[in-house]
Amino acid sequence: ARDWDEVRYCSAACRRQKIGPRDQAHETRILRALNTAPTSGIALETLASSVDQTEPLRQAARRLALEGRLELVQSGRTIDPRALRGRVVIRRP
């Protein structure tokens with residue numbers, strides 16, 4: 001309580017998972033975009049408004065794919081989230 005300006009996580013569980021409010025915002029942004037996306041999916045890079053946002057969005061997409069909430073697709077095939085390299089399309093499973 002003494003250091004509210006330095007607090008980064010809402011709880012010990014969030015700190016262990018290292019998922020903060022910004023990470024959750026990226027996940028929410030991805031899921032909202034998928035709600036309006038065609039069934040073929042959308043390129044993840046199109047969601048990034050700047051180059052700096054690309055990697056946090058990719059990390060959020062990996063987490064969502066590991067949870068089974070979306071699929072990562074490259075060259076028409078679903079890939080393992082841990083093998084993500086290069087451009088990727090995200091779609092609902």
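See the structure printed just above.
A brief structural summary.

Here is what the cut-offs are and how they apply
- Residues numbered from 1 in each chain as written.
- Predicted model: local features only at pLDDT ≥ 70, side-chain atom pairs only at ≥ 80, totals over all residues.
- Heavy atoms only, no water.
- Helix = DSSP H or I, 4+ residues; strand = E, 2+ residues; numbered from the N terminus.
- Buried < 20%, exposed > 50% of the residue type's maximum accessible area, 1.4 Å probe, protein only.
- Contact = heavy atoms within 4.5 Å.
- Pairing = 2+ DSSP bridges.
- Salt bridge = Lys/Arg side-chain N within 4 Å of Asp/Glu carboxyl O.

### Details of the overall build of the protein
Turning to step 1, where the next piece is worked out: Within the protein one finds three helices and four strands.
Turning to step 2, where the next piece is worked out: Along the chain direction, N to C, the helices and strands of the protein fall in the order α-α-β-α-β-β-β.
Turning to step 3, where the next piece is worked out: Within the protein, buried positions represent 35% of all 93 residues.
Turning to step 4, where the next piece is worked out: Long-range contacts, defined here as pairs at least 24 residues apart, represent 46% of the contacts in the protein between residues at least 6 apart.

### Things to note about the environment of Ala60
Turning to step 1, where the next piece is worked out: One can find Ala60 in helix H3 (residues 51-66).
Turning to step 2, where the next piece is worked out: Assessed through its relative accessible area of 0%, Ala60 is described here as buried.
Turning to step 3, where the next piece is worked out: Taking the C-alpha atoms as reference points, Ala60 and Ile30, 30 residues apart in sequence, are found 8.1 Å from one another.
Turning to step 4, where the next piece is worked out: Residues in contact with Ala60, not counting those within four places in the same chain, are Asp23, His26, Glu27 and Ile30.

### Let's talk about the sheet that holds strand S3 (residues 77-79)
Turning to step 1, where the next piece is worked out: Spatial strand order, S1-S4-S2-S3: four strands in an open sheet with antiparallel pairing. Edge positions in the sheet fall to strand S1 (42-43) and S3, since each has one partner strand and no second.

### Considerations on the pattern of salt bridges
Turning to step 1, where the next piece is worked out: Taken as a whole and assessed by the stated rule, the structure comprises seven salt bridges.
Turning to step 2, where the next piece is worked out: For Arg58, the salt bridge is made with Glu55, and the minimal N-O distance between the two is 3.8 Å. On the criterion of helical spacing, the pair formed by Arg58 and Glu55 is a turn pair, its members being three residues apart in helix H3.
Turning to step 3, where the next piece is worked out: For Arg58, a relative accessible area of 9% translates into the label buried.
Turning to step 4, where the next piece is worked out: Arg69 is paired through a salt bridge with Glu67; the nearest N and O atoms lie 3.4 Å apart.
Turning to step 5, where the next piece is worked out: By relative accessible area, Glu67 is classed as partly exposed at 47%.
Turning to step 6, where the next piece is worked out: The structure contains a network of salt bridges with shared partners spanning Glu45, Glu55, Arg58 and Arg62.

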